[in-house]
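# Observations on chain architecture
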Amino acid sequence: MKIDDIKKKAMTKEKNNKDKADIFTYYVFRPLSNVLAIPFIRLGVSATTITKVSVVFDFLAYLLIIFSSVKIFYIYGMICLLIWNILDHIDGTVARYTNTCSKIGELWDSVGGYFATFILYNSIGIIAFRGNNIIQIPNIPNYAFLLFGNLAAFFLLFPRLVMHKKENLENKLGVKGISDKENFNLTKLIVRNLISINGIGFVIGLCSIIFDLTNICIIFYFFINLIIFLGTLKKMLF
């Protein structure tokens, strides 16, 4: 089994084009998953099992962050989220290579992705609330950062739920401009990468924790995600 074999069988043209919309996915996580998928395939580990294990790391990430007030544990939590990220790419590679894609696997994959999105923004809000910030923002009480974190996650997750319902009702007609990842203009590509838990969004969140700038980070994402929320709902509902 060689890397080229996995690339040919697991990376369809459609999947490759979708991955190009996310810089880190295309240049970092996808090549890495092609390599790391090999031992899982040889050991016969199913893609769904990998997905379920990845969700465990989601929980570990959140527990490390919400039950600690020490920066090193915040970073450990983000490392767990990074492991989820890697496994999230490996499971898809394994599923496509072994031709074992399944509905239950897709369901678990969605659970992991939604939870990771919630964790990233909610955790940044929690850390900002605890006051670990080198730059203080006047007239904004610390408890407001909890609200910003929860809303930043909500602004991304709720439109996805509406989109999935719309797809089911209309057999995926009329929502191509929202869910299609192959035809992004430059502005959409920049925004997609900024909010991506698979790449730049994760890196920005991690850096904000390391450099004690979580309050500024979560305010930034609160407004970015709010704009996305309003624009996406307008496109789907009106």
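Here the structure is shown first, and the text comes after it.
Numbering of residues begins from 1 in every chain and follows the order in which that chain's sequence is written. The predicted nature of this model means local features are confined to residues of pLDDT at least 70 and side-chain atom pairs, given and counted, to a pLDDT of 80 or more, with totals for whole chains, interfaces and linings taken over all residues. Note: side-chain values were computed over all heavy atoms of the structure, leaving out hydrogens and water.

### Structural notes on the overall build of the chain
A helix here means a DSSP run of H or I that spans at least four residues, while a strand means a run of E at least two residues long, and both kinds are numbered starting from the N terminus. When helices and strands are tallied, the chain shows eleven helices and zero strands. When the helices and strands of the chain are listed from N to C terminus, the series reads α-α-α-α-α-α-α-α-α-α-α. What the globule rule says is 2.2 Å times the number of residues to the power 0.38, and the radius of gyration is computed from C-alpha atoms. Relative to the 2.2 N^0.38 estimate, which gives 18 Å for 238 residues, the radius of gyration of the chain is 18 Å and therefore close to what a compact globule would have. Based on the C-alpha atoms only, the size of the chain along its principal axes is roughly 55 × 45 × 30 Å. Whether a residue is buried, partly exposed or exposed follows from its accessible area with a 1.4 Å probe, protein chains only, as a fraction of its type maximum: under 20%, in between, or over 50%, in that order. Burial status across the chain gives 42% buried among its 238 residues. Sequence separation of at least 24 residues holds for 79% of the intrachain contacts in the chain that already meet a minimum separation of 6. Two residues qualify as a contact provided that any one of their heavy atoms is within 4.5 Å of a heavy atom in the partner residue.

### Quick notes on unusual backbone geometry
The phi angle at N99 is positive, at roughly 55°, despite the residue not being glycine. Among the secondary structure elements, N99 is positioned in the loop between α5 (71–97) and α6 (103–129). In this structure, D212 takes a positive phi of about 55° despite not being glycine. Structurally, D212 is set in the loop between α10 (200–210) and α11 (214–237).

### Side note on the nonpolar core
What we call a nonpolar core is a set of buried Ala, Val, Leu, Ile, Met, Phe, Trp, Tyr and Cys residues that are connected through their side-chain atoms within 4.5 Å. Formed by 39 residues in total, the largest nonpolar core has its most connected members in M78, L81, L120, Y121, F148 and I218. Looking at this core, the elements that each hand over two or more residues are α4 (47–66), α5, α6, α7 (143–170), α10 and α11. Setting aside chain neighbours within four positions, we find M78 in contact with I65, L120, F202, G205, L206 and I209. The next biggest cluster of nonpolar side chains, apart from the first, holds twelve residues, and it includes A37, L87, A95 and Y97.

### Here's the deal with the packing of α6 against α11
Angular values range over 0 to 180 degrees, each being the angle between N-to-C directions of two axes fitted as lines to C-alpha atoms, with helices fitted over their stretch in contact. Contact geometry of α6 with α11 gives a least axis separation of 8 Å together with a crossing angle of 140°. One finds that α6 runs oblique with respect to α11. Relative to α11, α6 is oriented so that their crossing is left-handed. Judged by residue contacts, Y121, I124, G125, I127 and A128 of α6 engage T214, N215, C217, I218, Y221 and N225 from α11. Taken together, the residues of the contact of α6 with α11 sort by class into seven nonpolar, four polar and no charged. Under this scheme an angle from 65 to 115 degrees is roughly perpendicular, one under 35 degrees roughly parallel, and one over 145 degrees roughly antiparallel; angles in between are oblique. Helix crossings are classified by the rotation of the near helix relative to the far one: an anticlockwise turn of less than a right angle makes the crossing left-handed, while a clockwise turn makes it right-handed. Three classes are used, and their members are as follows: Ala, Val, Leu, Ile, Met, Phe, Trp, Tyr, Cys and Pro are nonpolar, Asp, Glu, Lys and Arg are charged, and the others, Gly among them, are polar.

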